[in-house]
Amino acid sequence: PGQFIGPFTNAHPGLGGVCTFVGEVRADDDAVEALELIHYEKMTLKGMEELADRAIARFDLMGLLVVHRSGVMQVGEPIVLVSAAAKHRREAIDAVDFAMDHLKSDSWFWKRERRADGWHWIEPRDRDHADLARWA
């Protein structure tokens, strides 16, 4: 993730704040061995572009960077990077929160995790849906 943040920040002179979130594969009590994200590229890219456009318009951003990996990832590896640049910190913070809530529960990725007994599909939790609902 670090390779993206510096160039993104430098591309927005005059910004007042940058907020960055990096999500990683978590172990969940050491039971998770790996995470796999599968997607259909044409649908994913279009959806991510629309999400970025909505966030930029809603939060008066100077820029938004979203990098999301797919494929198999190991515990501790980064999955997603969302970084927002704005003249004011609150706009950047809220934009990252908005984007992550959408990516977590209303995105274009199918997720599954490998545990000792095999692969298991992951659905958004009730909390994920509640987090998303606050932006309606």
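Quick summary incoming for the structure in this document. Throughout, residues of each chain are indexed from 1 in the direction in which the sequence is written. Note on the predicted model: pLDDT of at least 70 is required for a residue's local features to be given, and 80 or more for side-chain atom pairs to be given and counted; whole-chain, interface and lining totals, by contrast, use all residues. Heavy atoms throughout the structure, all of them, feed into the side-chain values; hydrogens and water do not.

1. Section: the pairing of strand β2 (residues 34-39)
Consecutive side chains along a regular strand alternate between the two faces of the sheet. DSSP bridges decide pairing: two strands pair if at least two such bridges lie between them. What counts as a helix is a DSSP run of H or I of at least four residues, what counts as a strand is a run of E of at least two, and both are numbered from the N terminus. In this structure, β2 lies alongside strand β4 (residues 71-74), joined through four bridges in antiparallel fashion. Bridging from a neighbouring strand, Glu36 pairs with Val72 of β4. The pairing of β2 with strand β6 (residues 109-115) spans six bridges and is antiparallel. Each residue of the ladder has a partner; that of His39, found in β6, is Phe109.

2. Describing the packing of aromatic side chains
Stacked, tilted and edge-to-face are the three classes assigned to paired rings of Phe, Tyr and Trp, where Trp is represented by its six-membered ring and a pair needs centres within 6.5 Å; plane angles under 30 degrees give stacked, over 60 edge-to-face, the rest tilted. Counted under the stated rule, the structure contains three aromatic pairs. Ring geometry for Phe59 versus Trp135: centroids 5.8 Å apart, planes at 85 degrees, classification edge-to-face. One end of the pair, Phe59, is in helix α2 (residues 41-59); the other, Trp135, is in the segment after α4 (126-133), with 76 residues separating them in the sequence. The exposure classification of Phe59 matches that of Trp135, with both residues buried. Buried means the residue's accessible area, taken with a 1.4 Å probe over protein chains only, is under 20% of the maximum for its type, while exposed means over 50%, and partly exposed covers the values in between.

3. Some remarks on the sheet that holds β4
Here four strands make up an open sheet; going across it, the order is β4-β2-β6-β7 and the pairing antiparallel. The sheet is open, and its two edges are formed by β4 and β7 (118-122), each paired on a single side. When strand polarity is set aside, the average angle formed by the axes of neighbouring strands in this sheet is 25 degrees. Axes here mean lines fitted to C-alpha atoms, for a helix over just the part in contact, with angles spanning 0 to 180 degrees between N-to-C directions.

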